[in-house]
Each structure stands twice: as structure tokens, then as C-alpha cells.
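# Notes for the structure review
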Amino acid sequence: MTATELKVNVEKALEEIRPFLQSDGGDISLISIEEETVTVRLEGACVGCSVNQMTLKSGVEMTIKKYAPQIENVINIEG
């Protein structure tokens, strides 16, 4: 998979997740893809939410891996 294809697939995964986050007043942005790590920024109500790490691992990471199996880590940056 090329870097462009990888980015497209990660964006597709985020588009699948986004409505769930937005329904709770949050959102997510793709910051970067470096090797097998995707960096995102949780936004809105997701910032400071007590379950955002669970959302990140069980929701975001799982969905990204469905679209891009070579991704091993998804990390959230604050701010």
C-alpha cells in the first residue's frame, strides 16, 4: 500500500468513526502517519472525556486497523 493509499484508508476509517464522536459533541482530526503509527487529535467534548482512551483504543484504533492492517499504534495528541 502506498503512502497515499494508506492516508486515504485512514481517512475512510475516521469518516466511519466521526459521526459517533460528533453525536457526543466531539470530533477527530488526522495529524500524521509515520511508519505504523497514526497520530490523531480528539477534539470538542472528547478532550478531557473520562473514556477518551477507551474510545481511542477500542473504537478509533480498531476501525483504522480494519482499513489499514499495517497500522500498529494510534496515539492522541492534546491541544
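Here the structure is shown first, and the text comes after it.
Residues numbered from 1 in each chain as written. Predicted model: local features only at pLDDT ≥ 70, side-chain atom pairs only at ≥ 80, totals over all residues. Heavy atoms only, no water.

A word on the sheet that holds strand β3 (residues 73-76). What the three strands build is an open sheet, ordered β1-β2-β3; its pairing is mixed. In the strand order of this sheet, the two ends are held by β1 (26-34) and β3, each with one partner. Neighbour-to-neighbour, the strand axes of this sheet turn through a mean angle of 30 degrees, independent of strand direction. Two strands pair when backbone bridges link them, and β1 and strand β2 (residues 37-44) are joined in this way by eight bridges, in the antiparallel orientation. Residue Ser32 lies in a different strand from β2, and its bridge partner there is Thr39. Packing of helix α2 (residues 52-67) onto the sheet brings it into contact with β1, β2 and β3, and relative to β3 it is tilted by some 140 degrees. (Pairing = 2+ DSSP bridges. Helix = DSSP H or I, 4+ residues; strand = E, 2+ residues; numbered from the N terminus. Axes fitted to C-alpha atoms, helices over the stretch in contact; angles between N-to-C directions. Contact = heavy atoms within 4.5 Å.)

Core analysis: the largest hydrophobic core is formed by 18 residues, its most contacted members being Val10, Leu14, Val38, Val60, Ile64 and Val74. Secondary structure elements with two or more residues in this core: α1 (3-23), β1, β2 and α2. Of all the elements, α1 adds the most residues to this core, at six residues. Aside from chain neighbours lying at most four places away, what touches Val10 is Leu30, Ile33, Val38, Ile64 and Ala68. (Core = buried A, V, L, I, M, F, W, Y, C linked by side-chain atoms within 4.5 Å. Buried < 20%, exposed > 50% of the residue type's maximum accessible area, 1.4 Å probe, protein only.)

This next bit is on the packing of α1 against α2. In the contact formed by α1 and α2, the axes pass within 8 Å of each other and the chain directions differ by 145 degrees. The crossing of α1 and α2 is right-handed. Judged by residue contacts, Asn9, Val10, Lys12, Ala13, Leu14, Glu16, Ile17 and Leu21 of α1 engage Thr55, Gly59, Val60, Thr63, Ile64, Lys66 and Tyr67 from α2. (Left-handed = near helix turned anticlockwise from the far one by under 90°.)

Despite not being glycine, Glu35 has its phi angle at roughly 55 degrees, a positive value. With respect to the helices and strands, Glu35 occurs in the loop between β1 and β2. You can call Glu35 exposed: its relative accessible area is 68%.

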